[in-house]
Structure formats: C-alpha cells, structure tokens
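Observations on chain architecture
So you can see what is in the structure, the chains are spelled out below.
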Amino acid sequence: MKFIPFLKPNIVKKEAYLKYLAQIDEARLYSNFGPLNSIFEKRVLSEYFNDLGAITTINNATTALILAISVTKRPDAKYALMPSFTFAATPLAAMWCGLKPYFIDIHEDNWCMNEKQVDHALEKLGDQVAVIIPYATFGTCLDLTYYDKLQHSKVPVIVDAAPAFGTSGNNGQLGKEFSGIIVFSLHATKPFGIGEGALVYSNRSEIIAQIRRASNFGFSDGRECLFQGLNGKLSEYSAAIALATLDEFPQKVHKRNTLHKIYCEHFKKNNFFEKGWVMQKTSGKIPYQFISVLGPKKLSNLDIVRYLKDNTIQSRTYFSPPCHKQQSFLRYPHSEITVTEKITQRILNLPLWEEMSEIEISRIVSTLNKMGR
Ligand SMILES: *Cc1c(COP(=O)(O)O)cnc(C)c1O
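Residues numbered from 1 in each chain as written. Predicted model: local features only at pLDDT ≥ 70, side-chain atom pairs only at ≥ 80, totals over all residues. Heavy atoms only, no water.

**Observations regarding the packing of aromatic side chains**
- A full pass over the atoms with the stated rule returns 31 aromatic pairs.
- Seen from their ring centres, F49 and Y201 are 4.0 Å apart, and the 15° between their planes marks the pair as stacked. You can see F49 sitting in helix α2 (residues 35-49) and its partner Y201 sitting in strand β9 (residues 198-202), a full 152 residues away along the chain.
- On the basis of relative accessibility, which here comes to 0%, the residue F49 falls in the buried class.
- Ring centres 6.5 Å apart and planes at 20° place the aromatic pair F267 and W277 in the stacked group. In this pair, F267 sits in helix α8 (residues 236-269) while W277 sits in the loop between α8 and β10 (278-279), placing the two residues 10 residues apart along the sequence. Residues F267 and W277 agree in their burial class; the two are buried.
- An aromatic cluster is present here, built from F6, F85, F87, W111, Y135, F138, F290, Y318 and F319 joined pairwise through their rings.
- The ring of W353 has K8 sitting right over it, with the charged end atom 4.6 Å from the ring centre.
- Positioned above the aromatic ring of F33, the side-chain terminus of R212 is 4.3 Å from the ring centre. (Phe/Tyr/Trp six-rings, centres within 6.5 Å; stacked < 30°, edge-to-face > 60°. Helix = DSSP H or I, 4+ residues; strand = E, 2+ residues; numbered from the N terminus. Buried < 20%, exposed > 50% of the residue type's maximum accessible area, 1.4 Å probe, protein only. Lys NZ or Arg CZ within 6 Å of the ring centre and 35° of its normal.)

Written out as structure tokens, the structure reads:
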C-alpha cells in the first residue's frame, strides 16, 4: 500500500519567484523592511484588509506573539489568559514576556476558548490579567465581537490565527477591522506557507508601528533603542517567496476547501456521524491545514493513529496532550477544564495536502471504516 503522508507542503516553485530574486540582486537590499517586503505588506493590506488598519511582517508567528504581548501587556499584571487546547508557542510566548499562562477551557462544538470562562477569570483575577490570547482553532473564522469589546474595555487581546490567513467570513478576511492584534503564521506547514514568516494585523496603525519597531531592536528613526525589542524582521528572500505565493493563493484556498468537502461527503456516505464521529463546528471559508475530527467515544485517538500507521497512513493528534498537561506548563493555573480533557482523548487530524485526490481520501475513510472489524 502506498504511504499517505499527513502533510506535503506545497510551497511555490522557484520559477514563480525567480523574477523577485532578480529584483533582490538589483536592489542589493536583503532585509530591514526592503522593497519586496514593502510590496508584500501593501498588497496584503489592500487585497485582504481593504486598506483598513496596518500590517507588519515578522520572521515567524512565535516571535510575532512575543512582540505583540510585549508591547500591549498591561504593566504590573501577571497572567496571560489562553486556551489549553492550542500550540505550545502561545504559552511559551507569554513566558518569554515574563507572564504566567492561565489556561481556559474550550466550547464543546467549535473548540475555541469559552468566553464565559474568560469572563469568570477576569472577575476573579481583575487587574492581574495582562493580556488575552484566543486561538482561531484550526483556522475557523472565530467571531471577534466579544474580543473587540474586551479590547475596548482596555484588556489587550491578541488572536492567534496561525493557520487562518485566507479564512474568510461575511466580512472578508478573518480579523479585518479588528481593534486588537491578530497574528498569522507563514510557516511551511500552514496554508500560506513560505518556509518561516508571519503577518501581524490591527485596525490600529499605531500599535502595528510599535510592533514593527519592536521587531527592529526597538529603534527610533534615529536608531536609538527606545524600548526592549529584538530582531524579528523578514528577509527579502522570504518576501520574494511570499509575493509569489500571494499570486497563487486563491487557488490554494479553493483546493484545500474542496478537499475538506470531499472528506465530509465520504464521512457521510459511510455513516460516520451516526457511528459517533464528530466534526468541528466551523464558520467561514477555511483553507484547511488538515482535517480535524473526534473519533467515537469508545476509541482512543492514539489507537486510531497506530491503526492508520499500520495501514501506511500518517495522522496526528493536535493538540493532545493539551498545554496544561505538558511538563513545561504543569505549574500554571487553569480554569475548570473538562471539555479540553474529553476532546483531547478523541481528537484526530487526518492528511490534507494540495495534490491529494479523492482516491486517497476514499482510502483513508474506508480504512477507518474497517477499524475494529
Ligand atoms: C504554527 C502555529 C504557531 C507558531 O507559528 P510559527 O510561525 O511556526 O512560529 C502558533 N500557534 C499555532 C496555533 C500554530 O498552529
């Protein structure tokens, strides 16, 4: 049986960015917000955010989270509220900023942070909350109304939307006009993959200008270090790949969205939902990074992963174990967290890559269907 990998990054081929590389040789500018980086930022702002607000590139989303937290956190406060059901980068970023992660449970249906529990933690911790970092789980078009309100009530909000560049709802791109900060990753494994990179957006241009300074050593225009920054800049080589990716991105979004639909059809045809399988309740059009489902209650996700592996199919269990159960984060507080504990025993991520066809999807679903027979 042919091996089916979990991911197969499909970064644009060199032919698509040779013309941009030639421009680098010509300009002899290799970083420091060079010409290609500027064109990329301008195009993203106009093509995805209607020229509202501002955007800055960063060399990866983890650094972007660190810088966003560091320039917005309330002074003298100590907690960063976030879901436990997220990637380790988020609590790590809080720790690098001298904060303590405080883990919150998720909703049973969309697997995003539970706003009622956020309210509850805010009541309990008051001024000790430095920042709130929700996650647009697996790229869903998270409704930001609640977080916009929090931002206006002076609790800074940073949305981890790592895999969600290209996710759109009725209003267009997720995050458009958001008054907090939203971070997208351009890592090779994300839908807008370029290797390493990130985009940071807010409708408040001044906060983006501050993050941009932070990514350049906290320098003033006169190159005096004004505050604690670091080097988080995107190189012109990465900007070249990013520009070429922008040209092909609408087709990539469409492909990923279509593959997800084909999976759903095959699940339905095989009565998976009657048999206890559950899909994430998502909203908007999503350039799915992979497929995320809950297996039937009686099966452990680790058993399913092992069974698929025996059948030459690679799968994952993101984000299990959840953050609050990982060694580095055990000492930090969390809310009541039963939904996360239940879901992380069942979460299963299935392969999705752009050159995949219905043949592979059909084989994956029928292999799962035979499990336990
Ligand atoms: C990928 C990812 C990150 C980290 O992004 P990098 O660009 O690799 O640093 C953070 N949070 C989530 C949820 C992610 O999926």
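Anyway, onward from the coordinates.
**Here we look at the nonpolar core**
- Counting 55 residues, the largest nonpolar core has L81, V118, I132 and Y147 as the members making the most contacts within it.
- Those residues in contact with L81, other than ones at most four positions away along the chain, are Y102, I104, M113, V118, A121, L122, L125, V129, V131, I132 and I133.
- Membership of the second largest hydrophobic core comes to 35 residues, among which are A77, C97, F103 and I158. (Core = buried A, V, L, I, M, F, W, Y, C linked by side-chain atoms within 4.5 Å. Contact = heavy atoms within 4.5 Å.)

**Some thoughts on the side chain of Q289**
- Take Q289: it is sitting in the loop between β10 and β11 (291-294).
- In terms of polar contacts, Q289 uses its side chain to reach the backbone carbonyl oxygen of T189, at 3.2 Å.
- In this structure, Q289 is in contact with L7, P163, T189, K190, P191, R256 and L352, ignoring residues within four places of it in sequence. (Polar contact = N/O pair within 3.5 Å; in protein donor to acceptor, adjacent residues only side chain to side chain.)

**Some remarks on the domain arrangement of the protein chain**
- Its domain assignment divides the protein chain into domain 1 (14-245) and domain 2 (250-371).
- Taken over C-alpha atoms, the centre of domain 1 sits 26 Å from the centre of domain 2.
- Carbon and sulfur atoms make up 61% of the surface buried where domain 1 meets domain 2, a total of about 3,200 Å² over both sides.
- Of all residues in domain 1, the largest losses of buried area upon contact with domain 2 belong to F103, W111 and F138, amounting jointly to 21% of the total for that side.
- Seen at the junction of domain 1 and domain 2, the total is 2 salt bridges.
- Residue K281 is joined to D109 by a salt bridge in which the shortest nitrogen-to-oxygen separation is 3.8 Å.
- Viewed at the interface, domain 2 and domain 1 are joined by 18 residue pairs in polar contact (both at pLDDT 80 or more).
- Only α4 (89-96), β3 (100-104) and β6 (168-169) provide two or more residues apiece to the side of domain 1 that touches domain 2.
- Ranked by residue count, the leading element in the side of domain 1 that touches domain 2 is β3, at 5 residues.
- Among the residues forming the side of domain 1 that touches domain 2, the class breakdown is 19 nonpolar, 13 polar and 5 charged. (Domains from an automatic or database assignment. Buried area = accessible area lost by both parts, 1.4 Å probe. Salt bridge = Lys/Arg side-chain N within 4 Å of Asp/Glu carboxyl O. Nonpolar A, V, L, I, M, F, W, Y, C, P; charged D, E, K, R; others polar.)

**Examining the site of the ligand**
- Around the ligand, a shell composed of N60, A61, T62, F87, A89, Y135, D160, A162, S185, H187, K190 and G197 is seen.
- Measuring from a nitrogen atom of the ligand, one finds a side-chain N or O atom of D160 at 2.8 Å.
- Side-chain polar atom of K190 to an oxygen atom of the ligand: 3.1 Å apart, as the coordinates give it.
- Computed on the free molecule, the ligand has an accessible area of 380 Å², of which 92% lies beneath the protein chains in the complex.
- For the shell around the ligand, the per-class residue count stands at 5 nonpolar, 5 polar and 2 charged. (Near = heavy atom within 4 Å. Areas by Shrake-Rupley, 256 points an atom, 1.4 Å probe, with all protein chains shown as cover.)

**Overview of the sheet that holds strand β2 (residues 79-83)**
- Spatial strand order, β3-β2-β4: 3 strands in an open sheet with parallel pairing. Each edge of the open sheet carries a strand with a single partner, namely β3 and β4 (129-132). On average, adjacent strands in this sheet sit at an angle of 35° to one another, irrespective of strand direction.
- Alignment of β2 against β3, held across 5 bridges, turns out to be parallel. Paired with Y79 across the bridge in β3 is K100. (Pairing = 2+ DSSP bridges. Axes fitted to C-alpha atoms, helices over the stretch in contact; angles between N-to-C directions.)

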